[in-house]
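Residue strings, one per chain:
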Amino acid sequence: SLIDGLIRKGDKKAVISIMNEMRRHKLPINVVTWTSILNGLLLMGHLEDAMQTYRDMLFHYKVRPDVILYTTLISGFSRSKAMHFAAQIFEDMKG
């Protein structure tokens, strides 16, 4: 997808811009797209942005994570040695 290509390029600004355009045009952002965006932020090393985007997804957009999204976040934060974020996601997953 376009978002995946921008992520591979490391273009965080373009990813955020596309997300904002989707919001502006009231296009739904599904859990698969959120997973791609969050994975990209993690791969680019933007851990705080990934956590804030995850929180926005939950509370502002009311999107429910699936197992793939939770696994992506926990793995990404763990790989980056951000165990405090990984633990928060795990607690969210447990409900």
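Structure: above.
Sequence positions are assigned chain by chain, starting from 1 and proceeding in written order. Given that this is a predicted model, residues contribute local features only at a pLDDT of at least 70 and side-chain atom pairs are listed and counted only at 80 or more, while totals for whole chains, interfaces and linings are drawn from all residues. Calculation of side-chain values draws on the structure's entire complement of heavy atoms; hydrogens and water are dropped beforehand.

### Remarks on the overall build of the protein chain
Step number 1: Helix and strand counts for the protein chain come out as six helices and zero strands.
Step number 2: Strands here mean DSSP runs of E at least two residues long; helices mean DSSP runs of H or I at least four residues long; both are numbered from the N terminus. Ordering the α and β elements of the protein chain from the N terminus gives α-α-α-α-α-α.
Step number 3: Counting only C-alpha atoms and orienting by the principal axes, one finds that the protein chain spans roughly 35 × 30 × 20 Å.
Step number 4: Working definition: with a 1.4 Å probe on protein chains only, accessible area under 20% of the residue-type maximum means buried, over 50% means exposed, and in between means partly exposed. Taken over 95 residues, the protein chain has a buried fraction of 39%.

### Remarks on the packing of aromatic side chains
Aromatic ring pairs are reported here in terms of the distance separating the ring centres and the angle at which the planes meet.
Step number 1: Any pair of Phe, Tyr and Trp rings, taking the six-membered ring for Trp, is counted once the centres come within 6.5 Å. Such a pair is stacked with planes under 30 degrees apart, edge-to-face with planes over 60 apart, and tilted for the rest. Within this structure, the stated rule accounts for two aromatic pairs.
Step number 2: Summarising the aromatic geometry, the rings of Phe77 and Phe85 are spaced 5.1 Å apart at their centres and angled 50° between planes, so their arrangement reads as tilted. In this structure, Phe77 and Phe85 share a single accessibility class: buried.

### Quick word on the nonpolar core
Step number 1: Remark: nonpolar core denotes a set of buried residues (Ala, Val, Leu, Ile, Met, Phe, Trp, Tyr, Cys) joined through side-chain atoms within 4.5 Å. Among the nonpolar cores identified, the biggest contains 29 residues, and Leu38, Tyr54, Met57, Leu73, Phe77 and Ile89 are the most heavily contacted of them.
Step number 2: Breaking this core down by element, the ones donating at least two residues are α1 (2-9), α2 (12-24), α3 (31-43), α4 (47-59), α5 (67-79) and α6 (83-94).
Step number 3: Two residues form a contact once any of their heavy atoms are found within 4.5 Å. Setting aside chain neighbours within four positions, we find Phe77 in contact with Leu42, Leu47, Ala50, Met51, Ala82, Met83, Phe85, Ala86 and Ile89.

### Observations concerning the side chain of Thr72
Step number 1: Turning to its location among the elements, Thr72 is positioned in helix α5.
Step number 2: A residue is classified by how much of its surface remains accessible, and Thr72, at 16% relative accessible area, is buried.
Step number 3: Not counting chain neighbours up to four residues away, the residues in contact with Thr72 comprise Thr35, Asn39 and Leu42.

### Let's talk about the side chain of Ser36
Step number 1: By the element assignment, Ser36 lies in helix α3.
Step number 2: In this structure Ser36 comes out as buried when scored by relative accessible area, which is 18%.
Step number 3: Dropping the residues within four chain positions of it, Ser36 is found in contact with Ile3, Asp4 and Ile7.

### Concerning unusual backbone geometry
Step number 1: Here Lys26, not a glycine, exhibits a phi torsion of approximately 55°, which is positive.
Step number 2: If you trace the backbone, Lys26 turns up in the loop between α2 and α3.
Step number 3: Of the residues examined, Lys26 reaches a relative accessible area of 73% and is grouped as exposed.
Step number 4: For Lys62, which is not a glycine, the phi torsion comes out positive at approximately 60°.
Step number 5: Note that Lys62 resides in the loop between α4 and α5.
Step number 6: Residue Lys62 is classed as exposed on the basis of its relative accessible area of 62%.

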